[in-house]
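The lines below spell out each chain.
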Amino acid sequence: MAESAPAFKTQMVWKSVQELVLNGDELPENYIHKDRDGGDLDVPLVEIPVVNLGQLKSLSTSKEELQKLRSALSTWGCFQVINHGMTPSFLDEVREVTKQFFALPMEEKRKYSREADGIEGYGNDKILSEKQILNWSDRLYITLNPEQRKLKFWPENPKVFRDILNDYTIKLSIVTAVILTAMARSLDLEDNCFLDQYGKEATMRAGFNYYPKCPRPDLVIGLEEHADASAITFLLQDNEVEGLQFQKDNQWFKVPIIPEALLIIVGDQTEIMSNGIFKSPVHKVVTNSERERISLSVFCLPGLNEEIGPIDRLVDESRPRLYKKVKNYVGIYFEYYQQGKRAIEAVKI
Ligand code: OGA
Ligand code: NI
């Protein structure tokens, strides 16, 4: 096919981090943090519990398991969940199709490229200013809900990609409901109070992340520190390579790998709904000079028309309302993110 004339190009050509590495390019300036370091791989471990989902599901949910959940969400804002209905070999298949997608030739992956003004698709950081320091990662974003799917962004290669992702979607929706219910129970609230705000038109968006090996982990960050815009995020970590870290009391802590577990992260919207009792933690990904890393984040986002706000029963004299009611939090989030600020500050009272 003939190359289209540059004047007709609607999209700037972008370079994946993967290509930089494959071409052996010198480390570009706009990935280098000059004012601070990229982070240390060798930090203490996050002390978060492993919660058994089977125990949370039963009607007579064990008090002990709920207590564990509540304490994890109000201190770290994350926990690992096991016994979630997905076998270790299924989770390995999900990891495998992720790896296989990123291992495809560039021109094949580019078929799924993000459009200039879009969110979904294959790409990396949008460049918004000359001063911006970029993340050392490439990503593929896909909306998972059947009625919101844009199949043009769903890889056809590897062949099983779509089937596996569809299965993963179905299983995660079930787990989401169990977790949002358990969160309510752990605070002695009505079962549905988080689920009701989460709404029937909630969106699940998958982010497949690829962190290539990096020549200078001391200067470069895989994914800049941030908190998630979601209600909750499911993170399927690489089963061998660490990199994710959480911040608490101005210190960084790394997340241990438990191959059969999913990591659940509280997002800003749960912090808002819980009136600040559950914490949306700041986290980042550090790079690694020895090995590449993959991960799969699934962001569970309340419906765009849903109004999110502190649950009434969590507001009283001793605990005043901390956040305003808000719709389309994700819109605010991106606006703030681009200015390097935390969006949750915008909805504080
Ligand atoms: C994210 C995220 C962590 C990881 O996608 O928001 O925090 O380990 N990812 O890739
Ligand atoms: Ni995140």
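Residues numbered from 1 in each chain as written. Chains lettered and ligands numbered in written order. Predicted model: local features only at pLDDT ≥ 70, side-chain atom pairs only at ≥ 80, totals over all residues. Heavy atoms only, no water.

Per an unreviewed UniProt entry, the chain goes by the name Fe2OG dioxygenase domain-containing protein and belongs to Quercus lobata.

Our next topic: the sheet that holds strand S5 (residues 203-211). Read from one edge of the open sheet, eight strands run S1-S2-S10-S7-S12-S5-S4-S3, paired in mixed fashion. Pairing within the sheet leaves two strands with one partner each, and these edge strands are strand S1 (50-52) and strand S3 (121-123). Adjacent strand axes in the sheet meet at a mean angle of 25 degrees when their direction is disregarded. Along the sheet, helix H4 (residues 88-102) makes contact with S3, strand S4 (138-143), S5, strand S7 (232-237), strand S10 (262-266) and strand S12 (293-301), crossing S12 at roughly 110 degrees. Relative to the sheet, helix H6 (residues 161-186) contacts strand S2 (78-82), S4, S5, S7, S10 and S12, its axis offset from that of S7 by approximately 130 degrees. (Pairing = 2+ DSSP bridges. Helix = DSSP H or I, 4+ residues; strand = E, 2+ residues; numbered from the N terminus. Axes fitted to C-alpha atoms, helices over the stretch in contact; angles between N-to-C directions. Contact = heavy atoms within 4.5 Å.)

Of all residues adjacent to ligand 1, which total 13 residues, the nearest are Tyr 211, His 283, Arg 293, Ser 295 and Ser 297. Separating an oxygen atom of ligand 1 from a side-chain N or O atom of Asn 209 is a distance of 3.4 Å. Ser 297 places a polar side-chain atom, nitrogen or oxygen, 2.8 Å from an oxygen atom of ligand 1. Coverage of ligand 1 by the protein amounts to 97% of the 290 Å² it exposes when considered alone. Listed by contribution, the elements that provide at least two residues to the shell around ligand 1 are S5, strand S6 (221-226), strand S11 (283-286) and S12. Considering each element in turn, the shell around ligand 1 owes the most residues, four residues, to S12. Across the shell around ligand 1, the residue classes break down as six nonpolar, five polar and two charged. (Near = heavy atom within 4 Å. Polar contact = N/O pair within 3.5 Å; in protein donor to acceptor, adjacent residues only side chain to side chain. Areas by Shrake-Rupley, 256 points an atom, 1.4 Å probe, with all protein chains shown as cover. Nonpolar A, V, L, I, M, F, W, Y, C, P; charged D, E, K, R; others polar.)

Within the protein, the nickel ion (ligand 2) binds to His 226 (NE2), Asp 228 (OD) and His 283 (NE2); these donor distances fall in the range 2.1 Å. The sequence pattern formed by the donor residues of the nickel ion (ligand 2) is H-x1-D-x54-H. Of this pair, His 226 sits in strand S6 while His 283 sits in strand S11; the two residues are 57 residues apart in sequence, bridging distant segments of the chain. (Donors = N, O, S within 2.8 Å, 3.2 Å for Na, K, Ca; no water.)

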